[in-house]
Amino acid sequence: MKKIKEIYKEYRIMPMLTMHQFRTASVASQICDNLDMEIDKASIIKACLLHDMGNIIKFNLNYFSEDNEPEGQEYWEKVKYDFIIKYGNDEHKASALIVKELGLSDNILELVNCVDSGSIELARMSDDFSQKICIYSDNRVTPYGITSIE
């Protein structure tokens, strides 16, 4: 697999989204390091680093206008347009398609697919701790940093 920074550059991932995915992976890493059970940490981290690759599709680029810099809003609107043309209007499906393009395992794809607000209850009821870690970690990261679950 290419280095994650190379992937982010190739896919023109916004710095704000890059930071979100790094933070999500960081929370997941801390959890994995403190569990007393076998867990596929590498797959969890990869999934967390890639789980929102298509999120520019849903962004209102006027909302966090400071995050459009230094490239500018026009640049990011073009990236958003390109993503929609290539992957469609569903950011979650776009993220999954990118994971497939990268040739990653089905396990990583499953983990990326579980990181969706509509999957919280399914993950909670599941016995799969990898899914629980990924979705919990994502919900601990706001646009401004890592926060409590509340």
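Just above, that's the structure.
Because the structure is predicted, anything quoted here is derived from the model rather than measured.

> When you look at the packing of aromatic side chains in this model, what are you seeing that I'm missing?
Any aromatic ring pair is given by two values, namely how distant the centres are and how the planes are angled relative to each other. This model, assessed by the stated rule, comprises three aromatic pairs. Judged by centre distance (4.8 Å) and plane angle (80 degrees), the ring pair of Tyr-75 and Trp-76 falls under edge-to-face. Taking relative accessible area as the criterion, Tyr-75 reaches 33% and is therefore assigned partly exposed. Ring centres of Phe-83 and Tyr-87 lie 5.5 Å apart, and the angle between their planes is 55 degrees; on these two criteria the pair is classed as tilted.

> Please clarify how the pattern of salt bridges should be interpreted in this entry.
Under the counting rule described, the total for this entry stands at five salt bridges. One salt bridge in this structure joins Arg-12 and Asp-82, with 3.1 Å as the shortest N-O distance. A residue pair is termed long-range when its members are at least 10 positions apart, and Arg-12 in the loop between α1 (4-10) and α2 (15-33) and Asp-82 in helix α4 (residues 73-87) qualify at 70 residues. Given a relative accessible area of 21%, Asp-82 falls into the partly exposed group. Residue Lys-41 is joined to Asp-33 by a salt bridge in which the shortest nitrogen-to-oxygen separation is 2.6 Å. Asp-33 gets classed as partly exposed once you look at its relative accessible area, which sits at 48%. The network of salt bridges with shared partners includes Arg-12, Lys-78 and Asp-82.

> For this particular structure, what's the right way to read the packing of α2 against helix α8 (residues 129-139)?
Each pair of packed helices gets described by two things: the angle between the helix axes and the distance between those axes. Between α2 and α8, whose axes approach to 8 Å, the crossing angle comes to 130 degrees. With respect to α8, the element α2 is oriented oblique. Once α2 is placed against α8, the crossing between them reads as right-handed. Each of His-20, Thr-24, Val-27, Ala-28, Ile-31 and Cys-32 in α2 lies in contact with α8, whose residues at this interface are Ile-133, Cys-134, Tyr-136, Ser-137 and Asp-138. Its residues assigned to classes, the contact of α2 with α8 shows seven nonpolar, three polar and one charged.

> Could you clarify how one ought to interpret the side chain of Thr-24 in this entry?
Counting through the fold element by element, Thr-24 comes out in helix α2. Relative accessible area serves as the criterion here: at 1%, Thr-24 is assigned to the buried category. Apart from the residues lying within four places of it in its own chain, the contact partners of Thr-24 are Cys-48, His-51, Cys-134, Ser-137, Asp-138 and Val-141.

> What is the right way to look at unusual backbone geometry in this model?
Most peptide bonds take the trans form, and the phi angle of most residues other than glycine is negative. Along the chain, Glu-69 connects to Pro-70 via a cis peptide bond; the corresponding omega equals 5 degrees. Positionally, Pro-70 belongs in the loop between α3 (41-50) and α4. Non-glycine residue Arg-12 carries a positive phi angle of around 55 degrees. Exposure remark for Arg-12: the relative accessible area of 28% places this residue in the partly exposed category.

Parameters and conventions
- Residues numbered from 1 in each chain as written.
- Predicted model: local features only at pLDDT ≥ 70, side-chain atom pairs only at ≥ 80, totals over all residues.
- Heavy atoms only, no water.
- Phe/Tyr/Trp six-rings, centres within 6.5 Å; stacked < 30°, edge-to-face > 60°.
- Buried < 20%, exposed > 50% of the residue type's maximum accessible area, 1.4 Å probe, protein only.
- Salt bridge = Lys/Arg side-chain N within 4 Å of Asp/Glu carboxyl O.
- Helix = DSSP H or I, 4+ residues; strand = E, 2+ residues; numbered from the N terminus.
- Axes fitted to C-alpha atoms, helices over the stretch in contact; angles between N-to-C directions.
- Parallel < 35°, antiparallel > 145°, perpendicular 65-115°, else oblique.
- Left-handed = near helix turned anticlockwise from the far one by under 90°.
- Contact = heavy atoms within 4.5 Å.
- Nonpolar A, V, L, I, M, F, W, Y, C, P; charged D, E, K, R; others polar.

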